[in-house]
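Architecture and fold: a report
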Amino acid sequence: MQPGELLEVATQAARAAAPLLLERFGSERAIATKSSDTDLVSEADMLAEAAIRAVLAQRVPDDAIVGEEGKDVPGTSGRRWIVDPIDGTVDYVYGHPQWCISVACEGLAGVVFDPLRDELFTAHSEGPATLNERELHGPPPRELAHALIATGFGYERSVREAQVAGVAALIPQVRDIRRAGSAALDLCWLAAGRVDAYYEHGVKIWDTAAGQLICERAGLDVVRLDASGPLPSGLIAARAELIGQLRAIIG
Ligand code: LIP
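Presented here is a report on the structure given in the accompanying data block.

We now examine the overall build of the chain. Secondary structure assignment for the chain yields seven helices and 14 strands. For a compact globule of 251 residues, the expected C-alpha radius of gyration is about 18 Å, and the chain comes in at 17 Å, within 12% of that figure. On the principal axes, the C-alpha backbone points of the chain span a range of 50 × 40 × 35 Å. With 251 residues in all, the chain has 53% of them scored as buried. The contacts in the chain between residues at least 6 apart in sequence include a share of 62% that link residues at least 24 apart. On the chain, roughly 10900 Å² of surface is accessible, and the fraction owed to carbon and sulfur atoms is 51%. Side-chain charges of the chain comprise 23 positive and 36 negative groups, with the mean position of each set lying 2 Å from the other.

Right, here's the structure in full:
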């Protein structure tokens, strides 16, 4: 399959989960917690991932699947799908309108679908990043002091305590920060120029796989942040000239 065909599969899979998520949004309750008592999972997460997996099983049955809520599926094709049925689960459960569906064929195609706004962010390895078929090229050049920075915080107290130092050092030196609650949306909003940079320690591959490709195809740099003490590894994404300045501040 060519990257463009894989993108069509990713789009079909992401859209398959949207109706049930929209129907349950605003009345959903968490059914369990995971890494900490604030890391929620809902029945909607489980149902949405099942809908996505059903499309992948039918369209690309020989491919591997890694999903936030389900068991890994080994494959024989060499391709691996990375699925987050609701990125922004806490937002979703609270009725906070900032969540999305993220489906990636690792390194080849990625879709982030925001059903509330009907915004479909896409990219494949041989084409542009797009929002509802309009090409994306990231934010314009801006100096750090005028930059709007998206970030997020971990579910574990020890990680959050370590993240405070970085964000405290950052806030006086930039325009402002934004904490949307969804890494996938943060990355896509960066590709769309709605923020100037995004960084976060502790994000998982299913949070970022699609959004990272969309940022890269929009011409942005996406760089790994190494683990440091209690801070787990993560990533930073921005125009190249901002990456070094931000890393010097957040450590
Ligand atoms: C979320 C990430 C977000 C992070 C949240 C959470 P989830 O993923 O997308 O960037 O700050 O703590 O991890 O759990 O909603 O799929």
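Moving on from the model shown.
Taken as a whole and judged by the stated rule, the model has three aromatic pairs. Ring centres of F25 and Y92 lie 5.4 Å apart, and the angle between their planes is 40°; this geometry places the pair in the tilted category. With a gap of 67 residues between them, F25 in the loop between α1 (3-24) and β1 (30-33) and Y92 in helix α3 (residues 89-94) connect regions that are remote in the sequence. Judged by relative accessible area, Y92 falls into the buried class, the value being 0%. Where F25 meets W99, the ring centres are 5.4 Å apart and the plane angle is 50°; that geometry is what we call tilted. Of this pair, F25 sits in the loop between α1 and β1 while W99 sits in the loop between α3 and β5 (100-105), placing them 74 residues apart in sequence. With respect to class, F25 is no different from W99; both count as buried. Grouped by ring-pair contacts, the aromatic residues F25, Y92 and W99 constitute a single cluster. A cation over an aromatic ring shows up here: R15 above the ring of F113, its NZ or CZ 4.7 Å from the ring centre.

Conventions we followed
Residues numbered from 1 in each chain as written. Predicted model: local features only at pLDDT ≥ 70, side-chain atom pairs only at ≥ 80, totals over all residues. Heavy atoms only, no water. Helix = DSSP H or I, 4+ residues; strand = E, 2+ residues; numbered from the N terminus. Rg over C-alpha atoms; globule rule 2.2 N^0.38 Å. Buried < 20%, exposed > 50% of the residue type's maximum accessible area, 1.4 Å probe, protein only. Contact = heavy atoms within 4.5 Å. Areas by Shrake-Rupley, 256 points an atom, 1.4 Å probe, with all protein chains shown as cover. Lys, Arg positive; Asp, Glu negative; His and termini not counted. Charge placed at Lys NZ, Arg CZ, Asp CG, Glu CD. Phe/Tyr/Trp six-rings, centres within 6.5 Å; stacked < 30°, edge-to-face > 60°. Lys NZ or Arg CZ within 6 Å of the ring centre and 35° of its normal.

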